[in-house]
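Geometric and topological summary
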There are 2 protein chains.
Amino acid sequence: MIGCPLPHVEDDRVLLGHGAGGRLSAELLDTLVLPALTPGSTTATGPLEDAAVLPGDDGLVLTTDGFVVSPLFFPGGDIGALAVHGTVNDLAMRGAQPLALTVALVVEEGLRLSELGAVLASLGAAARDAGVPVVAGDTKVVNRGQADKLFITTTGVGRRVAGLSPSAAHARPGDAVLLSGPIGAHGTAVLSVRENLGFVSDVVSDTRPLHRLVRELAPLGADVHALRDPTRGGLAASLNEIARDSRVQVEIDERVLPVPAPVAAACDLLGLDPLHVANEGCLVAFVGRDSAARALRLMRSLPEGAHAVRIGEVTEGPPGRVVLRTLVGARRIVDLPLGEQLPRIC
Amino acid sequence: MIGCPLPHVEDDRVLLGHGAGGRLSAELLDTLVLPALTPGSTTATGPLEDAAVLPGDDGLVLTTDGFVVSPLFFPGGDIGALAVHGTVNDLAMRGAQPLALTVALVVEEGLRLSELGAVLASLGAAARDAGVPVVAGDTKVVNRGQADKLFITTTGVGRRVAGLSPSAAHARPGDAVLLSGPIGAHGTAVLSVRENLGFVSDVVSDTRPLHRLVRELAPLGADVHALRDPTRGGLAASLNEIARDSRVQVEIDERVLPVPAPVAAACDLLGLDPLHVANEGCLVAFVGRDSAARALRLMRSLPEGAHAVRIGEVTEGPPGRVVLRTLVGARRIVDLPLGEQLPRIC
Ligand SMILES: Nc1ncnc2c1ncn2[C@@H]1O[C@H](COP(=O)(O)OP(=O)(O)OP(=O)(O)O)[C@@H](O)[C@H]1O
Ligand SMILES: Nc1ncnc2c1ncn2[C@@H]1O[C@H](COP(=O)(O)OP(=O)(O)OP(=O)(O)O)[C@@H](O)[C@H]1O
Ligand SMILES: [Mg+2]
Ligand SMILES: [Mg+2]
Ligand SMILES: [Mg+2]
Ligand SMILES: [Mg+2]
Ligand SMILES: [Mg+2]
Ligand SMILES: [Mg+2]
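Anyway, here's the lowdown on the structure attached to this text. Remember, predicted model here, so these are calculated numbers, not experimental data.

When you go through chain A residue by residue, the secondary structure sums to 8 helices and 14 strands. Computed over its C-alpha atoms, the radius of gyration of chain A comes to 19 Å, within 12% of the 20 Å expected for a compact globule of 346 residues. Sorting the 346 residues of chain A into buried and exposed places 62% on the buried side. In chain A, the proportion of contacts linking residues at least 24 apart, taken out of those at least 6 apart, comes to 85%. Summed over its atoms, the accessible surface of chain A is roughly 12400 Å², and 53% of this surface lies on carbon and sulfur atoms.

This is the structure we're talking about:
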């Protein structure tokens with residue numbers, strides 16, 4: 001569980017890890033992407049949120065994600081449903097309900113139309129289930145060997161639930177840290193099919209929409225400080241990002257961390273830390289201490305929050321630090337994963 | 001110039017032409033994509049517009065496009081600037097000024113960071129020039145050989161200029177058909193570098209934002225019936241789409257069609273019809289007859305409309321038909337291109 005030293009990176013080329021949601025991703029964003037898009041602001045450009053508030057209208061939020069998961073179909077889901085859930089969830093993390101989606105396809109020449117059709121049927125069903133229309137799209141085809149079957153980019157516009165305005169920068173000392181459900185399933189499920197680990201076939205992705213869970217929290221209003229969906233980089237990345245952007249220390253307790261036994265077994269085998277594995281159907285919530293019990297009750301009233309637990313709190317300590325109280329009572333620092341091990345799981 | 005018969009297509013696989021904006025694209029959308037996303041509406045789902053009106057707010061419009069152009073840099077532009085202009089222009093075609101953009105990158109492992117940086121610098125500069133902030137994004141990396149360097153999907157939200165509500169379904173008999181500038185440059189420029197046609201190096205892409213040109217038309221209000229940017233599929237596709245969605249016949253005049261000499265020469269050589277070649281910096285406008293002269297004057301007041309011309313009108317005749325009056329006075333039907341010849345030009 002100790003972070004590996006940074007490998008000697010061939011530093012003038014893009015590495016797989018630059019897309020994995022860990023330290024390399026953060027570095028690419030900070031040193032190359034954001035300076036190019038907003039030059040002048042060489043330092044931090046403010047918190048990097050799941051979704052952005054629309055300029056001139058703080059009731060509307062906007063988010064985008066590309067999906068490149070391989071294989072296209074995996075236990076518990078497929079790239080089409082994932083592309084809807086991922087974007088609906090990033091809207092939800094800013095307290096919003098989805099209003100409209102767009103879908104841009106990059107298709108590799110030679111993909112079976114039946115396979116494309118199956119993905120789109122799943123995408124359409126997921127959108128209807130989430131109650132959001134696909135209002136626009138785009139379809140490009142590239143030559144054989146110039147894409148891997150299908151990439152989907154979904155963008156979502158959402159409207160904030162009145163009273164909710166969570167932000168990665170709003171966690172406060174004393175906050176309770178809540179988790180809506182068990183971690184590690186999505187990444188493990190995808191890797192297990194890719195690595196042909198038949199015996200972990202009981203792990204299925206948790207891909208699901210979370211906007212109803214967030215809507216359920218509306219009565220707590222401004223007491224919902226921060227929400228994040230721990231996708232690439234896992235729970236470790238989400239907690240580090242909130243700790244950084246809110247300038248607080250976060251402590252979580254290994255004894256209460258919900259890691260299902262088959263996930264733990266698969267992680268052992270794959271050499272992964274469940275804290276680093278992507279999820280697509282749970283959220284972490286930072287809420288005022290006095291609202292914690294009520295928040296848990298509200299979450300548990302829905303199936304997607306049935307196993308919600310309190311995993312820690314915001315404590316006094318160096319800002320930006322995440323600490324894990326281990327099973328044996330030790331304390332270790334939870335770093336951002338480097339991000340090399342888990343390419344193309346979402 | 002006579003449409004080829006449909007080749008015997010291997011009909012269970014995606015073909016390059018399915019992404020080229022012509023007949024195959026329309027067929028894929030109608031038979032597979034749209035039925036999956038909106039089942040039940042087996043027939044037409046309404047006009048397929050450049051950008052969609054946001055549900056519950058007809059002042060806001062939303063559009064998305066994937067950009068997969070190869071090479072990344074071409075005469076007159078690059079994929080970064082193109083990704084901004086293409087999306088700004090689709091918003092403009094619904095009468096909107098851009099409010100916010102999102103940028104999703106799919107990067108191939110091994111791409112030079114300097115090349116990625118150059119594209120993003122160009123993208124950032126194009127966004128600033130258009131006056132629109134990039135508010136959110138996403139960055140994924142796929143293994144070597146699983147993408148071709150870089151694909152960019154941009155999504156835009158725009159606010160409509162008061163009084164403008166153009167639609168592909170609003171062209172009316174008697175309308176004048178105006179074109180804001182010469183056609184054929186973008187696709188020819190990209191193909192000429194790809195095919196190593198050094199001697200057509202004087203053709204540069206027309207990639208540029210058109211929202212100011214559209215804003216200039218605001219005084220005409222509801223007399224601006226339909227706007228479209230003739231990208232993939234070229235002017236032929238745009239006119240066919242408007243003729244179909246407005247159920248009118250469109251006639252244009254070859255004598256006044258502005259095709260620059262180097263573009264015409266390159267098209268000859270490449271076996272292309274300039275009417276089928278993609279543009280990224282001009283628009284076609286259908287305006288009420290009595291507003292035509294004023295619309296031309298307004299367009300010509302800006303550099304991007306300096307060469308605006310009237311190319312035809314909406315006439316009595318079979319709905320959905322586009323007719324070209326040729327140089328020798330004959331009339332020929334302008335079909336949708338099949339769409340096989342021009343892959344990956346945008
Ligand atoms: N995968 C898709 N899902 C949903 N709608 C789609 C999809 N692909 C295309 N569309 C819709 O079909 C219509 C035509 O799309 P198209 O991409 O040809 O338009 P455009 O963006 O104006 O042209 P270009 O992509 O050449 O710039 C649009 O209304 C678009 O929203
Ligand atoms: N290419 C980019 N351009 C602009 N902003 C970007 C880009 N890539 C990422 N960002 C921004 O960086 C932040 C982190 O992005 P990231 O994709 O990690 O978040 P996420 O979508 O919540 O996670 P995931 O993609 O794993 O679902 C977001 O605020 C996002 O808008
Ligand atoms: Mg997120
Ligand atoms: Mg996301
Ligand atoms: Mg498009
Ligand atoms: Mg368009
Ligand atoms: Mg477009
Ligand atoms: Mg993302």
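Take the coordination of the magnesium ion (ligand 5) next. Within the protein, the magnesium ion (ligand 5) binds to Asp138 of chain A (OD) and Asp65 of chain B (OD); these donor distances fall in the range 1.9 to 2.1 Å. Between the magnesium ion (ligand 5) and the magnesium ion (ligand 7), a separation of 3.8 Å is found, and both are coordinated by Asp65 of chain B. With one member in each of two chains, Asp138 of chain A in strand E6 (residues 134–142) and Asp65 of chain B in strand E2 (residues 57–67) form a pair that bridges those chains. Residues Asp138 of chain A and Asp65 of chain B agree in their burial class; the two are buried.

Right, let's talk about the relation of the copies chain B and chain A for a bit. These two copies of the chain differ by a rotation about an axis and a displacement along the same axis. The two copies are related by a screw motion: chain B maps onto chain A through a turn of 180 degrees and a shift of 0.0 Å along the axis, at an RMSD of 0.0 Å. Here the transformation between the copies is reduced to the relation of a two-fold axis. Across chain B, the smallest distance between a C-alpha and the rotation axis is recorded for Ala147 of chain B, namely 2.0 Å. Interface overlap between copies is the fraction of interface residues in one copy that are interface residues in the other; for chain B against chain A it reaches 98%, indicating a shared surface.

All names here are of chain B. Its place among the elements puts Asp229 in the loop between strand E9 (224–228) and helix H6 (234–246). Owing to a relative accessible area of 5%, Asp229 belongs among the buried residues under this scheme. For the pair formed by Asp229 and Asp138, sequence separation is 91 residues and the distance between their alpha carbons is 27 Å. If we skip the residues at most four places from it in the chain, Asp229 touches Asp50, Gly86, Asn89, Asp90, Met93, Ser238, Cys282 and Leu283.

On to the site of ligand 1, then. Every one of the 17 residues lining ligand 1 counts as a neighbour, but Asp138 and Thr139 of chain A together with Glu49, Thr231 and Arg232 of chain B are closest to it. Residues within reach of ligand 1 are spread across chains A and B. Take Asp50 of chain B: an N or O atom from its side chain is 3.0 Å from an oxygen atom of ligand 1. Between ligand 1 and Asp65 of chain B there is a distance of 3.0 Å, counted from an oxygen atom to a side-chain nitrogen or oxygen. Of all the elements in the fold, those that place two or more residues in the shell around ligand 1 are strand E5 (96–108) and E6 of chain A together with helix H1 (23–37) of chain B. By residue number, the principal contributor to the shell around ligand 1 is E6 of chain A, which donates 5 residues.

Here the focus is the interface of chain B and chain A. Counting residues at the interface gives 66 residues for chain B and 66 residues for chain A. Roughly 6000 Å² is buried in total at the junction of chain B and chain A, and carbon and sulfur atoms are behind 66% of that figure. Counting the contacts that link chain B with chain A gives 6 salt bridges. The salt bridge involving Arg232 of chain B is made with Asp138 of chain A; its shortest N-O contact spans 3.2 Å. Applying the counting rule to chain B against chain A returns 25 residue pairs in polar contact (both at pLDDT 80 or more). Within the residue set of the side of chain B that touches chain A, elements represented by two or more residues are H1, strand E1 (52–54), E2, strand E5 (96–108), helix H3 (113–130), strand E6 (134–142) and strand E7 (150–160) of chain B.

Right, let's talk about the coordination of the magnesium ion (ligand 6) for a bit. Residue and element names in this part refer to chain B. The protein atoms that coordinate the magnesium ion (ligand 6) are Asp50 (OD), Asp90 (OD) and Asp229 (OD), at distances of 2.1 Å. In terms of primary sequence, the donors binding the magnesium ion (ligand 6) are separated according to D-x39-D-x138-D. Metal-to-metal, the separation of the magnesium ion (ligand 6) and the magnesium ion (ligand 7) is 3.6 Å; Asp90 coordinates the two. One end of the pair, Asp50, is in the loop between H1 and E1; the other, Asp229, is in the loop between E9 and H6, and 179 residues separate them in sequence.

So, about the side chain of Ser122 of chain B. Residue and element names in this part refer to chain B. Along the chain, the position of Ser122 falls in helix H3. By relative accessible area, which is 18% here, Ser122 ends up buried. If we skip the residues at most four places from it in the chain, Ser122 touches Asp78, Gly80 and Ala81.

So, about the layout of surface pockets. Roughly 1200 Å³ of volume is contained in the second largest pocket. Considering the residues around the second largest pocket, the lining is formed by 48 residues, among which Gly137 of chain A together with Leu29, Leu48, Glu49 and Asp50 of chain B are closest to the centre. For the lining of the second largest pocket, the elements supplying multiple residues, two or more each, are E5 and E6 of chain A together with H1, E1, E2, helix H2 (79–92) and H6 of chain B. Among the elements that take part in the lining of the second largest pocket, H1 of chain B stands out by supplying 8 residues, more than any other. The class makeup of the residues in the lining of the second largest pocket is 20 nonpolar, 14 polar and 14 charged.

All names here are of chain A. In terms of burial, E5 is largely enclosed, as 13 of its 13 residues are buried. As defined by bridge partners, E5 adjoins strand E7 (residues 150–160) across 11 bridges and the pair is classed as antiparallel. Note that in E7 the partner of Thr102 across the bridge is Thr155. With 8 bridges connecting them, E5 and E6 associate as parallel partners. Residue pairing for E6: Thr102 is matched across the bridge by Ala136. As a crossover connection, the stretch from E5 through helix H3 (residues 113–130) into E6 is right-handed.

So, how was this worked out
Residue numbering note: each chain is counted from 1, following its sequence as written. The order in which chains are written sets their letters, starting at A; the order in which ligands are written sets their numbers, starting at 1. pLDDT decides what is reported in this predicted model: residues at 70 or higher carry local features, side-chain atom pairs at 80 or more are listed and counted, and totals for whole chains, interfaces and linings draw on all residues regardless. Excluding hydrogens and water, the side-chain figures rest on all heavy atoms present in the structure. What counts as a helix is a DSSP run of H or I of at least four residues, what counts as a strand is a run of E of at least two, and both are numbered from the N terminus. The globule rule used here is 2.2 Å times the number of residues to the 0.38 power, and the radius of gyration it is set against is calculated over C-alpha atoms. The buried label applies to any residue whose accessible area, calculated with a 1.4 Å probe on protein chains only, is under 20% of its type's maximum; exposed applies above 50%, and partly exposed to all values in between. The contact criterion used is simple: two residues touch if any of their non-hydrogen atoms lie within 4.5 Å. Note that accessible areas follow from Shrake-Rupley with a 1.4 Å probe, and for residues the cover is restricted to the protein chains shown. With water omitted from the atoms examined, metal sites may look incomplete; donors here are N, O and S atoms no farther than 2.8 Å from the metal, or 3.2 Å in the case of Na, K and Ca. A residue counts toward the fit only if its pLDDT is at least 70 in both copies, and the copies are then superposed by least squares on the C-alpha atoms of those residues. When at least one non-hydrogen atom of a residue lies within 4 Å of a molecule or strand, that residue is treated as near it. Between N or O atoms, a polar contact is any pair within 3.5 Å; within protein, one atom must be a potential hydrogen donor and the other a potential acceptor, and residues adjacent in sequence are included only when both atoms are from side chains. Two parts placed together each lose some accessible area under a 1.4 Å probe, and the buried area is that loss summed for both. Think of a salt bridge as a Lys or Arg side-chain nitrogen and an Asp or Glu carboxyl oxygen that are within 4 Å of each other. As defined here, a cavity is a set of points on a 1 Å grid over the protein atoms alone where a 1.4 Å probe fits but cannot get out. A pocket is an open set with protein on both sides within 12 Å along at least five of seven lines, and residues line them when an atom is within 4 Å of a point. Grid points are joined across faces, edges and corners, and a volume is the space filled by probe spheres set on the points. Asp, Glu, Lys and Arg are counted as charged, while Ala, Val, Leu, Ile, Met, Phe, Trp, Tyr, Cys and Pro are counted as nonpolar; the rest, among them Gly, fall into the polar class. DSSP-based pairing: two strands are paired if at least 2 bridges between them are found. With strands facing away from the observer, any crossover in which the path from the first strand over the helix to the second runs clockwise is taken as right-handed.

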